[in-house]
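# Notes for the structure review
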Amino acid sequence: MKQYAIELSTIDGISHALASKMETDDILEIVGDKLREVFSAETGYIALYDADTGLIRFPYYWNLGERIIDNDVIKLGEGLTSRVIESREPLLINADWERRAAELGAVYSDGLPAKSSLTVPIVSGEDCVGVLSLQSLARENAFTETDVRLLATVASNVGVALERTRQFDSARKQKQFFESLVVNSPAAIVSLQLDAQGTMAVSMCNPAFERLFGYTLAEVWEHGLDNLIAPDSLRGEAADYTQQAMGGSLRAFAKRKRKDGTLVDVEVLGFPVSVGGQRVGAMAIYHDLTDIRRAEEELRQAKEAAEARAEQLATLNRISQRAASVRDLPATLKDIAIELTQIFGARNIGITLLNPERTALVVVADHSPRPDYPSTTGIVLPLEGNASSLQVIESQRPLVIADPQTSPLTESVHSLMRRLDTRCLMIVPLLARGAVIGTIGVDTDEERRVFSPAEVALAETIASHIAGAIDNARLFDEMQKAKEDAESAPRAKSDFLATMSHEIRTPMNAVIGMTSLLLDTPLTAQQHDFADTIRSSAESLLTIINDILDFSKIEAGKLDLEQQAFEVRECIEATLDLIAVKAAEKKIELAYIIDLSVPVAIRGDAARLRQILMNLLGNAVKFTDWPKITPSIKNLPSPSSANSAVAPTSPPTASK
């Protein structure tokens, strides 16, 4: 539990630190410093792979605990780093490192070779972009499976952070693109700024403005915007539009004047500019009506795409976190289904798993944002005749059906697709350890809605997280069942022996009883000796059986002490009779002393007392050469004696 807490703390610390970083170098510094702090590895590095150049560089490297600037670059295919990037699997070498590393293509030019090493891939999106590597120079077996799991989790977080950085860089490029768009836009754009006196003054007009109206920025600065492009009769209207733009959005149609005096019909778009929550100016866009709709649509689509991508990344991050820490699989899958309906704007999401016979898909989780949409959880979907699902399972590739109401792949459910008015259907396989274990179904009834390749790729990434969570949950259940089976086997054995104790003892008691009766009949000396040997051996065997059965009863928790009245003297004498033959063989005299304070009869388990005395006296006869053995029976009062089944006895003593 302590180790698990350390792992969670490490992962949580790295995740929180990476959440606020958008630069690759910052991410590598945080992760590298944390690796040096958490793992006791003398040497380690973070390597990044550039698929465009095929080169691997090492931006973070330390040796013997000291940070070293390493500008070395290797080609993909060289060394253990390349092996891990190509296999996308962790590589742990804990013994015979030089030979194993050489077999795998390791190269090192200076310093000491490692004794142990652990290298895991960094996967970002669909690509392996690098590795995290730790090496111990001092000892073998330095890394455990816990280290493998922890480092792999860190690498997963690094991959997510690098992917987020890539998206941030993309967003930054988009911002630069929009700024460039203003300058190079075919639409005429004017920026108005409040001066110290609260008067609106033009601060910028783009080249398209000059081309549309014929005025330069210098001319606008000198004469004022409305004085140049607004006809005399429309000056008041132009001033009102400026105030509307400062107060909120503006969209209007108007006539404006070019430098040559001609009028042009334009659409005027205006909006305020705020910095730190304070209005500092306004922007105005003028365009011919023939072109403005196209420019407006482009801007709208670009904005929506950026917002949708940001929401997709946030949802993917939430799904990854849920999949990485599964506690309740059905609840987790339900939460993921809810997230998927939001990220794809879907009407319904269904997550299915293959049955053990791989003949049908079972819906284990679903969600629809529409309260009237029926739940499908628990429904069994046979694969026979289900061409679309069969294709996904056999090819292990996603499938998008643009018109499931008429497609041959959904022929068996055409009536259902028409009844639900399904317009587009996407099916993505859940792959775990190279095999399909289920699918994710995404459908929509939106007209002309087709899932794009980017959405399919995103769905595949999400499916990999879900499949991993399901596989981990299954492995955990299998281990729990194996543990319970392993524990139940010896328990069943002990229960059986404890239950059968009476049946096992009964035949042996019969042998001893019949032999005792036989000894009371007229026998020759030889027959008497044979019968006595049988009884002695049977009694010894019964003692062994009693020990075995008692141990089994104790192990099964079923050992009970009897509460019956018996005479102490009779119990002692019966025990001495059993070992008398062996004592006589060693010419040892047997006697006993019972203290006057010992009651004549007591309540307890006579068989257990006889068994204890038999073990003690038998050992005394076996291990002593003294001529006499005299057990002494005393009554020893104690706080627990009143509740004891049998009063304690002193051990047998041997006397000369």
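Just so it is clear, the model here is predicted, and its values are computed rather than measured.

Here the structure, examined in full by the defined rule, presents 20 salt bridges. Arg99 serves as the salt-bridge partner of Asp96, at 2.4 Å between the closest nitrogen and oxygen. When salt bridges with common partners are traced through the structure, they connect Asp96, Arg99, Arg100 and Glu103 into a single cluster.

Bringing a negative patch on the surface into the picture now. Together, Glu567, Glu570, Glu573 and Asp577 make up a negatively charged patch on the protein surface. Tallying contributions element by element places helix H17 (residues 568–585) first for the negative patch, with three residues. Looking at the secondary structure, you find Glu567 in strand S19 (residues 564–567).

Before going further, it helps to examine helix H9 (residues 235–247). One turn of the α-helix equals 3.6 residues, which is why residues spaced by three or four share an orientation. Here H9 spans 19 Å end to end across 13 residues, near enough to the 18 Å set by a 1.5 Å rise per residue. What H9 keeps buried is the set Ala238, Tyr241, Thr242, Ala245 and Met246. The arc that holds every buried residue of H9, seen down its axis, measures 140°, which confines them to one face. Away from its buried face by more than 90 degrees, H9 exposes Gln243 and Gly247.

Now for empty space enclosed by the protein. Inspection of the entire model under this criterion finds two cavities of 30 Å³ or more. Taken as a whole, the largest cavity spans an internal volume of roughly 120 Å³. Lining the largest cavity are 17 residues, with Tyr241, Thr242, Val268, Ala284 and Tyr286 positioned closest to its centre. Going through the elements one at a time, helix H8 (225–229), H9, strand S10 (250–257), strand S11 (263–275) and strand S12 (278–288) are the ones with two or more residues in the lining of the largest cavity. Class assignment of the residues belonging to the lining of the largest cavity gives a composition of 13 nonpolar, two polar and two charged.

This part covers unusual backbone geometry. The phi angle at Arg433 is positive, at roughly 55°, despite the residue not being glycine. When you line up the elements, Arg433 lands in the loop between strand S17 (424–432) and strand S18 (435–444). In this structure Arg433 comes out as exposed when scored by relative accessible area, which is 64%.

Quick look at the packing of aromatic side chains now. When we look at a pair of aromatic rings, we describe it by the centre distance and by the angle of the planes. Evaluated as defined, the whole model comprises five aromatic pairs. Between Tyr60 and Trp62 the ring centres are 6.1 Å apart and the planes differ by 75°, which places this aromatic pair in the edge-to-face class. Since its relative accessible area comes to 0%, Trp62 is described here as buried. A connected cluster of aromatic rings, assembled from ring pairs, spans Phe209, Phe213 and Tyr286. Lying across the ring of Tyr60, Arg67 places its NZ or CZ 3.7 Å from the centre.

Moving on, we come to the pairing of strand S8 (residues 188–194). Here S8 lies mainly inside the structure; five of its seven residues are buried. Here six bridges tie S8 to S12, and the two strands are oriented antiparallel to one another. Of the residues in S12, the one forming a bridge with Val190 is Ala284. Relative to strand S9 (residues 200–205), S8 runs antiparallel, the two sharing five bridges.

Moving on to the sheet that holds S12. Across the sheet, which stays open at both edges, the five strands sit in the order S9-S8-S12-S11-S10 with antiparallel pairing between neighbours. One side of each edge strand has no neighbouring strand; the edge strands of this open sheet are S9 and S10. If you compare each strand with its neighbour and ignore which way they point, the axes differ by 30° on average. Against the sheet, H9 engages S8, S9, S10, S11 and S12, with an angle of about 150° to S10.

Taken together, six strands build an open sheet; the order of strands is S15-S14-S13-S18-S17-S16 and the sheet is antiparallel. Edge positions in the open sheet fall to strand S15 (380–382) and strand S16 (399–401), since each of these has one partner strand only. Strand after strand, the sheet turns through a mean of 25° between neighbouring axes, direction not considered. Relative to S18, S17 is paired through nine bridges, and the arrangement is antiparallel. Looking at S18, one finds that Ile427 is bridged to Gly441. Lying on the sheet, helix H11 (residues 329–344) is in contact with strand S13 (348–354), strand S14 (360–367), S17 and S18; it crosses S14 at an angle near 70°.

Another point: helix H3 (residues 79–87). Those residues of H3 not exposed but buried are Gly79, Leu80, Thr81, Ser82, Val84 and Ile85. Count one or two residues on from H3 and you reach Arg88, which has phi positive near 60°.

Leu340, Phe344, Leu430, Ile440 and Ile466 are the most contacted members of the largest nonpolar core, which totals 30 residues. The element contributing the most residues to this core is helix H14 (residues 453–499), with nine residues. In this structure Phe344 touches Met426, Val442, Arg449, Phe451, Glu455, Leu458, Ala459 and Ile462, once residues within four positions along its chain are discounted. If you look at the next biggest cluster of nonpolar residues, it comprises 26 residues, including Val31, Ala41, Ile122 and Phe143.

For the protein, mean pLDDT is 80; residues scoring 70 or higher make up 83% of the total. Predicted confidence for residues 641–656 stays below pLDDT 50, and this span has 36 contacts to residues more than four positions away or in other chains.

Turning our eyes to something else, we now look at the packing of H17 against helix H18 (residues 606–623). Where H17 contacts H18, the two axes come as close as 9 Å, and the packing angle between them is 30°. In this view, H17 runs roughly parallel relative to H18, as classed from their interaxial angle. Between H17 and H18 lies a crossing whose hand is right-handed. Together, Cys571, Ile572, Ala574, Thr575, Leu576, Leu578, Ile579, Lys582 and Ala583 of H17 and Ala606, Leu609, Arg610, Leu613, Met614, Leu617 and Val621 of H18 make up the contact between the two elements. When its residues are assigned to classes, the contact of H17 with H18 shows 13 nonpolar, one polar and two charged.

Thresholds applied
- Residues numbered from 1 in each chain as written.
- Predicted model: local features only at pLDDT ≥ 70, side-chain atom pairs only at ≥ 80, totals over all residues.
- Heavy atoms only, no water.
- Salt bridge = Lys/Arg side-chain N within 4 Å of Asp/Glu carboxyl O.
- Patch = residues over 30% accessible without salt bridge, like charges linked within 9 Å, V, L, I, M, F, W, Y side chains within 5 Å.
- Areas by Shrake-Rupley, 256 points an atom, 1.4 Å probe, with all protein chains shown as cover.
- Lys, Arg positive; Asp, Glu negative; His and termini not counted.
- Charge placed at Lys NZ, Arg CZ, Asp CG, Glu CD.
- Helix = DSSP H or I, 4+ residues; strand = E, 2+ residues; numbered from the N terminus.
- Expected span 1.5 Å × (residues − 1).
- Buried < 20%, exposed > 50% of the residue type's maximum accessible area, 1.4 Å probe, protein only.
- Arc of directions from axis to C-beta.
- 1 Å grid on protein atoms, 1.4 Å probe; cavity = no way out; pocket = protein on both sides within 12 Å on 5 of 7 lines; lining within 4 Å.
- Points joined across faces, edges and corners; volume = space filled by probe spheres on them.
- Nonpolar A, V, L, I, M, F, W, Y, C, P; charged D, E, K, R; others polar.
- Phe/Tyr/Trp six-rings, centres within 6.5 Å; stacked < 30°, edge-to-face > 60°.
- Lys NZ or Arg CZ within 6 Å of the ring centre and 35° of its normal.
- Pairing = 2+ DSSP bridges.
- Axes fitted to C-alpha atoms, helices over the stretch in contact; angles between N-to-C directions.
- Contact = heavy atoms within 4.5 Å.
- Core = buried A, V, L, I, M, F, W, Y, C linked by side-chain atoms within 4.5 Å.
- pLDDT = per-residue confidence, 0-100.
- Parallel < 35°, antiparallel > 145°, perpendicular 65-115°, else oblique.
- Left-handed = near helix turned anticlockwise from the far one by under 90°.

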